[in-house]
Amino acid sequence: MATQRTLSIIKPDGIKKNVTGKIIAMFEEKGLRVVAAKRVQLTKAEAEGFYAVHRQRPFFGELVTFMVSGPVMLMVLEGEDAIAKNREIMGATDPAKAAAGTIRKLYASSIGENTVHGSDAPETAKFEIGWFFAENEIIS
Ligand code: CMP
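A short tour of the structure in this document, coming up. (Residues numbered from 1 in each chain as written. Predicted model: local features only at pLDDT ≥ 70, side-chain atom pairs only at ≥ 80, totals over all residues. Heavy atoms only, no water.)

Here's the deal with the site of the ligand
At step 1: Residues in close proximity to the ligand include Lys 11, Tyr 51, His 54, Phe 59, Leu 63, Thr 93, Arg 104, Ile 111, Gly 112, Asn 114 and His 117, which together make up its full environment.
At step 2: Separating an oxygen atom of the ligand from a side-chain N or O atom of Asn 114 is a distance of 3.2 Å.
At step 3: Expressed as a share of its isolated accessible area of 450 Å², the protein-covered part of the ligand is 78%. (Near = heavy atom within 4 Å. Polar contact = N/O pair within 3.5 Å; in protein donor to acceptor, adjacent residues only side chain to side chain. Areas by Shrake-Rupley, 256 points an atom, 1.4 Å probe, with all protein chains shown as cover.)

In structure tokens:
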């Protein structure tokens, strides 16, 4: 499997719980490298555009409101099979279904407040990384 990049977001609940370092350590322990990072307060337009694929879903409004409720940490992770590996480290979207030892099992409180986001496919990763980072902000 080739080296890949994926977008990771530590969501407002993860920032409030002050577990940024613990989450990054979990990525690093599994061989992923943070090759770009910034802590930002998303605007409503940024959050809506990022999650545009979910615009028709009933939870869209709630999702956007939550994502702008406080700062987030945006990161590009790089490594062997990074997209799948990140999703494995995060655990299932619904923390009630997440495996033991995953980020969401450890820190998430609900499907909405689920601590982290990770790209789900190579095309999505390309779009999501480009949404938040210029190429010259990513340093392998
Ligand atoms: P994320 O991986 O960031 O991608 C879309 C997000 O929508 C998902 O995590 C959840 O936090 C959020 N969401 C809220 N409600 C639901 C729901 N009922 N089903 C799926 N995702 C939901």
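Some points on the side chain of Thr 20
At step 1: Mapped onto the elements, Thr 20 comes out in helix 2 (residues 20-29).
At step 2: By relative accessible area, which is 16% here, Thr 20 ends up buried. (Helix = DSSP H or I, 4+ residues; strand = E, 2+ residues; numbered from the N terminus. Buried < 20%, exposed > 50% of the residue type's maximum accessible area, 1.4 Å probe, protein only.)

Describing the nonpolar core
At step 1: Core analysis: the largest hydrophobic core is formed by 20 residues, its most contacted members being Leu 7, Ile 9, Met 67, Val 76, Phe 132, Phe 133 and Ile 138.
At step 2: Residue assignment for this core shows that the elements contributing at least two residues are strand 1 (3-10), strand 2 (33-40), helix 3 (44-50), helix 4 (60-67), strand 3 (72-80) and helix 7 (122-132).
At step 3: The leading source of residues in this core is helix 4, at five residues.
At step 4: Counting 17 residues, the second largest nonpolar core, distinct from the first, contains Phe 27, Leu 77, Ala 82 and Met 90. (Core = buried A, V, L, I, M, F, W, Y, C linked by side-chain atoms within 4.5 Å.)

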